[in-house]
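Spelled out from the first residue to the last, the chains are:
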Amino acid sequence: MIAGYISGTRVDLARVKERDGSVVLTGQASFISKNFSNLESILNLYLKKNKEDISFACFGVAGPVINNEVTTTNLPWHIRASAVESRFSIGRVKLLNDIVATAYGLMELKPDRFFVINEGLRPDHGNLGLIAAGSGLGEALIYRDQDSFTPYASEGGHADFAPGSQLEVELWEYIYSERGQVEVEDVISLGGLERIYNFGLDSRGLTPAGWFEKADDKAGAIIEQALSGRDEHAGRALDLFIDCYASEAANLALKGMTLGGIYIGGLIAPQIITALDKGRFMERFVKRGKMEALLARMPVGVIIEEKTALLGAAAVAVRS
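Residues numbered from 1 in each chain as written. Predicted model: local features only at pLDDT ≥ 70, side-chain atom pairs only at ≥ 80, totals over all residues. Heavy atoms only, no water.

1. Things to note about the environment of Arg 19
Turning to step 1, where the next piece is worked out: Its location among the elements puts Arg 19 in strand β2 (residues 10-19).
Turning to step 2, where the next piece is worked out: Assessed through its relative accessible area of 46%, Arg 19 is described here as partly exposed.
Turning to step 3, where the next piece is worked out: Considering only alpha carbons, one finds Arg 19 and Met 282, 263 residues apart in sequence, at a separation of 39 Å. (Helix = DSSP H or I, 4+ residues; strand = E, 2+ residues; numbered from the N terminus. Buried < 20%, exposed > 50% of the residue type's maximum accessible area, 1.4 Å probe, protein only.)

Shown next as structure tokens:
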């Protein structure tokens, strides 16, 4: 069996087996997504080194999976499970939304793979929520029935962005003038952080700093400058990003009644844990009028295991 995680930036693949009830990954390999025209090209390379017969494969893919096929959101790829089965003689291929795969992976993680922002009440019941910002913004809810957890997909990251302050109204107007619409993902993502930084400069009539112009990874550079305190504009941008992230996490929590907790995944959160832990995130998260007490009791944590989606796809593979 093999498992995979396919995002806008990379593709992770691994062989999968189960040992003493735990999922074990071997033969792990990563590929830069933009360097390939489709998933089949990557699988062809990977399977040349992993030639054993494959009875089952499961892939978590960033995009809406319908009838076991998907057009990826941030890549020009279309993936059909039946086509992959046929080309590589795989017994069965299952496609999952990447955030659903992350949700399954959540159940495989040990407590030390989370950073706790809010301890909350941690009840033995209640749904869970998952929000993950990276190249895009993924959201999922996990229905809990006693000891059974059932994740289900969402495209909530493409819902409308709802400003929560006058400054965020101005940010909305800034992005709207550029794109003609404003999705949550346009604000809460790597590209969104870059837009927020540019918004801050343009609204003050300033030009980007030299470090920003030179950076290949501009969002990463903003985070580095903000956390180090070397650039006040980067610091403002990260603060605004965290406010918007917390607000959307609270929206998800209320819609899913996630008494079991909200979990934050994706590429960005582990990089900004020190900023998230300063209280700003939770202050905005609970600021919901009548629902403040409800939100304050919800556990909130950051997933620090970068292979969570791959683990989730692997768990589905071995237990299907």
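Having seen the model, we can carry on.
2. Details of the packing of aromatic side chains
Turning to step 1, where the next piece is worked out: If you walk through the whole model with that rule in mind, you get 10 aromatic pairs.
Turning to step 2, where the next piece is worked out: Look at Trp 172 and Tyr 176: their rings are 4.8 Å apart centre to centre, the planes differ by 10°, and that puts the pair in the stacked class. Of this pair, Trp 172 and Tyr 176 both sit in helix α4 (residues 166-179), 4 residues apart, roughly one helical turn.
Turning to step 3, where the next piece is worked out: A relative accessible area of 29% places Trp 172 in the partly exposed class.
Turning to step 4, where the next piece is worked out: Ring centres 5.6 Å apart and planes at 80° place the aromatic pair Phe 241 and Tyr 245 in the edge-to-face group. Separated by 4 residues within a single helix, Phe 241 and Tyr 245 lie in helix α8 (residues 232-256), roughly one turn from each other.
Turning to step 5, where the next piece is worked out: Residue classification places Phe 241 among the buried residues on the basis of a relative accessible area of 0%.
Turning to step 6, where the next piece is worked out: The class for Tyr 245 is buried, based on a relative accessible area of 1%.
Turning to step 7, where the next piece is worked out: In this structure an aromatic cluster arises from ring pairing among Phe 241, Tyr 245, Phe 281 and Phe 285.
Turning to step 8, where the next piece is worked out: The ring of Phe 212 has Lys 218 sitting right over it, with the charged end atom 4.8 Å from the ring centre. (Phe/Tyr/Trp six-rings, centres within 6.5 Å; stacked < 30°, edge-to-face > 60°. Lys NZ or Arg CZ within 6 Å of the ring centre and 35° of its normal.)

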